[in-house]
Amino acid sequence: MPGELLTNGNMSTDPTELVFKKDSEFAKLYSAAKKKLGTSVKKLVQGSAAEKIKILGALSDGGFDVKAHGSIKDEAKALEFKEMGNQKFRENNYGEAFKFYTQALQHCPVNLDNPGDPANKQYSIIWGNRSAALDGVGLYSACIHDIEMALKFGYPREFWYKLYKRKGHAHIKMKQYLLAREALETSLKNVGRSDIKKEKDRDNYRMRVRKQMTIFNVAKTLYNLEVYEKFDSVLADGQPEDRGLSSKLKYEEDGKDHGQIVADKEIYQEENLAAIDPYVAVVNVSGGRAGGKICPYSLEKMFSPVPCRFGSEEIFENEKARDEAAESYHKYEWSILKNLTTQGLQEKARLALRMVTLIDPKDVPAVAKIINSQEVPEDRLKMAVETFRLPVDNISEEEELLASVLGYYLLKNLCISGYVTSPAGQTDVYQLLIRAVLVAMRHTSGIQLINMPADKKGILEAEIQTDFCGYGIYPQLFKLKKYGSGENSHVIQWFSTKKMVFTSYRKIEKDSPVFLFTDDKKLSEAKAKPSDLITFRCGNDLCQNSFPLKENTKEKVITCPLDECGLKTNIWDRLRQIQKLKKDFVSGKEQLDKGDVSLAKDIFKDVIEEWDRMILRPYRELMSVEDAYVKTLICERGDRERLLVEGNQMGKIANTKKPVNVMEPNPEETEEKTISKMIEIKK
Ligand SMILES: [Zn+2]
């Protein structure tokens, strides 16, 4: 289905899928526990949390003895990795050098609370070295990030001239000329107090920098290239930060747990109708290309990762992501992450754990108490409670058993990680963990990235390739699906990082139902009614009448039989127009083959509109145009993803179409402008 080119994947019915790897340590632990339990499985499954703890705790040598892992910080190791990085750098193998420097950063002890601490010198030098590797591979935005980190942690003054020269070079590559000039001027100023001994060598260096600066004499105007971030996910009729349903939609409920989503206003193509956040999301650990490239916190692509604050092996997109993670779940997970990996625990198990660690331990009793009631939670607990309350119907005994055993294993981990601090607190945490495992088994969605080829030739026939970069649990998704499923979805579903967005590809009249999902059963019923008819609308715009005719009809003109209408509709003329639309469709396809996605999109959209004016759906030919139109919408989003990877010299996506759009200077604003704005400087 067009709208569902991106699906949530066919999650299999095997309850262990995405919970643990086959033949893993946990698989062994699980089957051993099952064997030892023997006939008491029933007792375990039906028991209360406290009883379960008793039964599983009594299994001698049950494999539940877990250890917390300490920090990997170790200066000697850090220096070893740094030296390996230097070696690779000298061989011009920048990619490998980058990897070693990253490991050096992970191991290097650092005082994060006082970045200027002289003890941070090694740490700052490794950042500086990694920035050189990033410069080497052409990742200029990431290079600048690393240079700024080096400076933040006290990079030695006598090397500033080199660092700032590199920074200037990176800014020039990013067409950020103002920042480039500033950096190169700083480089010049620091040659005098550098480690370059001879005055002659210093002069040579200065000359080289000045030579680089001649680019500023050539450019009539200096500006900073504007850098764009994401594809637009603002809701129709909404504010930039709003989430959930657009105000153009509303739930129509009958009070008996049934209902539908309807348009509260007319909906146009390409409007974002819903955007939902996961309560919890984890990076793909079971396969795919995400490993080490996607931030485990933000699920953004990482170009210049920073190491974990606590000394685990985790790396994050930037300091902000690292610190936010450290403030919440990560302070309880960092020391046990390694256990999850050695046990072979996969995404659903990690989601279940995170569902709990995202809750402040002091809130656990409150959450445990209300998840089985109708009680309205405090605002800050709302999303957590909503997620724990997601329905988990038809649980098999196998699933119950798995939830009990896995929950117990996770509980043991949380006891050593500092999350559970008293034996009495165990029961509530365990109860939440069991529920979390069941919710994760029922409600996990894949988070997909689109792999869009730059060459669009044949894209209409090709299947869109996607990659799971992570998995998440979206508490609002259940209700959206329940109320918003119909024979054919009206939207494409895509991801803005971990936010799931639904974008319309069809006009929908006010008060009509809106389908965000395709109900396969209803779709196959609709498909079972083949039709070789074209249903022409009456030529009178105000008349609702229509005339179903064979495609090879001999009718020329039809007079509307309705008394209040009686208008003549010229069928021949309509058929001629349809021939023209078919030609337009072909030319749209040609444009798409040539790679002009936005022109193709506009052509398809116009064709659909014209067609809709003349005939009633369903009509096969119209459906293919709509499929093509949907494809262009996905192409646009996929191209953004691709540019983010390919064009990551910019770190973020730059507007490649009109890069030198220089604004008129505004004297009052000039000083306020930041990097991402374009400023014209009068020479
Ligand atoms: Zn009529």
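Counting restarts for each chain, with residues numbered from 1 along the sequence as it is written. Per-residue local features are limited, in this predicted model, to residues with pLDDT of at least 70; the limit for side-chain atom pairs, both in listing and counting, is 80 or more; totals at the level of whole chains, interfaces and linings are taken over all residues. Heavy atoms throughout the structure, all of them, feed into the side-chain values; hydrogens and water do not.

J.: Would you take a moment to explain the overall build of the protein chain for this structure?
T.: Helix numbers and strand numbers start at the N terminus; a helix is a DSSP run of H or I with at least 4 residues, a strand a run of E with at least 2. The secondary structure content of the protein chain amounts to 24 helices and 20 strands. Whether a residue is buried, partly exposed or exposed follows from its accessible area with a 1.4 Å probe, protein chains only, as a fraction of its type maximum: under 20%, in between, or over 50%, in that order. When each of the 683 residues of the protein chain is scored for burial, the buried share is 50%. Every residue pair with non-hydrogen atoms within 4.5 Å of one another is taken to be in contact. Sequence-distant contacts in the protein chain: of pairs separated by 6 or more residues, those separated by 24 or more amount to 69%. Computed by Shrake-Rupley with a 1.4 Å probe, the accessible areas treat only the displayed protein chains as cover when residues are assessed. Just so you have it, the protein chain exposes about 33300 Å², and 50% of that area is on carbon and sulfur atoms.

J.: I keep staring at the coordination of the zinc ion and nothing clicks. Help me out?
T.: A 2.8 Å cut-off from the metal defines N, O and S donors, relaxed to 3.2 Å for Na, K and Ca; water is not in the atom list, so some sites may appear incomplete. The protein atoms donating to the zinc ion are Cys538 (SG), Cys543 (SG), Cys560 (SG) and Cys565 (SG), with metal-donor distances spanning 2.3 to 2.4 Å. All donors to the zinc ion come from one chain, and their sequence spacing reads C-x4-C-x16-C-x4-C. With Cys538 in the loop between strand 15 (533-537) and strand 16 (546-550) and Cys565 in the loop between strand 17 (557-559) and strand 18 (568-570), this pair connects stretches of sequence that are 27 residues apart. Like Cys538, the residue Cys565 is buried in the burial classification.

J.: Would you mind showing me how to read the sheet that holds strand 16 here?
T.: Within a beta sheet, neighbouring strands are joined by backbone hydrogen bonds and run either parallel or antiparallel to one another. In space, the 3 strands of this open sheet follow the order 16-15-19, with antiparallel pairing throughout. Strands at the two margins of the open sheet, each flanked by one partner only, are strand 16 and strand 19 (615-616). Only when DSSP finds a minimum of two bridges between them are two strands counted as paired. As paired elements, strand 15 and strand 19 share 2 bridges and run antiparallel to each other. In the sheet register, Thr535 faces strand 19, and the bridge partner there is Leu616. Only C-alpha atoms enter the line fits that serve as axes; for helices the fit covers just the stretch in contact. Angles between N-to-C directions range over 0 to 180 degrees. Sheet strands in contact with helix 23 (residues 597-614) are strand 15 and strand 19, and its direction is about 80° off that of strand 15.

J.: It is not clear to me how helix 10 (residues 199-213) should be interpreted in this structure. Could you clarify?
T.: Quick reminder: α-helices carry 3.6 residues per turn. Residues three or four places apart thus point the same way. In this analysis, the expected span of each helix is defined as 1.5 Å times one less than the number of residues it contains. Between its first and last C-alpha, helix 10 extends 21 Å over 15 residues, near the 21 Å set by a 1.5 Å rise per residue. Within the span of helix 10, buried status applies to Arg202, Tyr205, Arg206, Val209 and Met213. All buried residues of helix 10 fall inside an arc of 100° around its axis, so they share one side. Opposite the buried face of helix 10, at more than 90 degrees from it, the exposed residues are Lys200, Met207 and Lys211. Where the residues of helix 10 are buried, they touch helix 8 (160-173), helix 9 (177-191) and helix 11 (215-218). Note that the arc is defined by the directions from the helix axis to the C-beta atoms.

J.: Looking at this model, I keep getting lost on helix 5 (residues 94-107). Mind explaining?
T.: Relative to the 20 Å expected for 14 residues at 1.5 Å per residue, helix 5 spans 20 Å between its end C-alpha atoms, a close match to the ideal helical length. For helix 5, every residue scored as buried is listed here: Ala97, Phe98, Phe100, Tyr101, Thr102, Ala104, Leu105, Gln106 and His107. Structurally, helix 5 contributes buried residues whose contacts are with helix 4 (75-90), helix 6 (121-137), strand 7 (306-307) and strand 8 (315-316).

J.: Can you walk me through the sheet that holds strand 9 (residues 444-451) in this structure?
T.: Read from one edge to the other, the open sheet built from 3 strands follows the order 6-10-9, with strand pairing classed as antiparallel. Of all the strands in the sheet, just strand 6 (280-283) and strand 9 have a single pairing partner and so form its edges. Going across the sheet, the axis of each strand differs from the next one's by a mean of 40°, ignoring polarity. Bridge count between strand 6 and strand 10 (residues 465-473): 4 bridges; the pairing is antiparallel. Bridging from a neighbouring strand, Val282 pairs with Tyr471 of strand 10. Its contacts with the sheet put helix 15 (residues 347-357) on strand 6, strand 9 and strand 10, and the angle it makes with strand 6 is roughly 140°.

J.: Looking at this structure, I do not really get the environment of Arg620. What am I missing?
T.: Examined against the element boundaries, Arg620 turns out to sit in helix 24 (residues 620-646). Separated by 87 residues in the primary sequence, Arg620 and Leu533 place their C-alpha atoms 9.7 Å from one another.

J.: Would you take a moment to explain the side chain of His330 for this structure?
T.: Mapping His330 onto the fold places it in helix 13 (residues 330-333). Contacts of His330, omitting those with residues within four sequence positions, involve Cys308, Phe310, Ser312, Glu314, Phe316, Ala325 and Leu337.

J.: It is not clear to me how the pattern of salt bridges should be interpreted in this structure. Could you clarify?
T.: Any two side chains of opposite charge can pair if their charged atoms end up close together. Here, a salt bridge means any Lys or Arg side-chain nitrogen found within 4 Å of an Asp or Glu carboxyl oxygen. Enumeration over the complete set of coordinates arrives at 40 salt bridges. The salt bridge involving Lys479 is made with Glu253; its shortest N-O contact spans 3.6 Å. In this pair, Lys479 sits in helix 20 (residues 477-483) while Glu253 sits in strand 3 (residues 249-253), placing the two residues 226 residues apart along the sequence. Taken together, the shared-partner salt bridges in this structure form one network comprising Lys152, Arg309, Glu319, Arg322 and Asp323.

J.: Would you take a moment to explain the packing of helix 15 against helix 18 (residues 397-416) for this structure?
T.: Between two packed helices, the angle of one axis relative to the other and the distance separating the axes together describe the packing. Remark: helix 15 packs on helix 18, axes separated minimally by 11 Å, with the N-to-C direction vectors making an angle of 50°. When the axes of helix 15 and helix 18 are compared, the pair comes out oblique. Read as a crossing pair, helix 15 and helix 18 show a hand that is right-handed. Across the interface between the two elements, Ala349, Leu353, Val356 and Thr357 of helix 15 pack against Leu406, Leu410 and Leu414 of helix 18. An angle below 35 degrees is read as roughly parallel, one above 145 as roughly antiparallel, one from 65 to 115 as roughly perpendicular, and any other as oblique. In this scheme the crossing of two helices becomes right-handed for a clockwise turn of the near helix relative to the far one and left-handed for an anticlockwise turn of less than a right angle.

J.: How should the packing of aromatic side chains be read in this particular structure?
T.: Given two aromatic rings, their pairing is described by the distance between the two centres and the angle made by the two planes. Centres within 6.5 Å make a pair out of two Phe, Tyr or Trp rings, where for Trp the six-membered ring is used; the pair is then stacked when the planes are under 30 degrees apart, edge-to-face when over 60, and tilted otherwise. A full pass over the atoms with the stated rule returns 21 aromatic pairs. Between the aromatic rings of Phe64 and Tyr408, the centroid separation amounts to 4.9 Å while the plane-to-plane angle is 85°, which identifies the pairing as edge-to-face. With Phe64 in the loop between helix 3 (49-57) and helix 4 and Tyr408 in helix 18, this pair connects stretches of sequence that are 344 residues apart. Take Phe64 and Tyr408: they sit in the same class, and that class is buried. When the centroid spacing of 5.8 Å and the interplanar angle of 45° are considered together, the rings of Trp611 and Tyr619 count as tilted. On the basis of relative accessibility, which here comes to 5%, the residue Tyr619 falls in the buried class. Here the aromatic residues Phe20, Phe26, Tyr30 and Tyr409 are joined through ring pairs into a cluster of three or more. One cation-aromatic arrangement involves Arg157 over Trp160; the distance from NZ or CZ to the ring centre is 4.2 Å. Criterion for a charge above a ring: Lys NZ or Arg CZ within 6 Å of the ring centre, and within 35 degrees of the ring normal.

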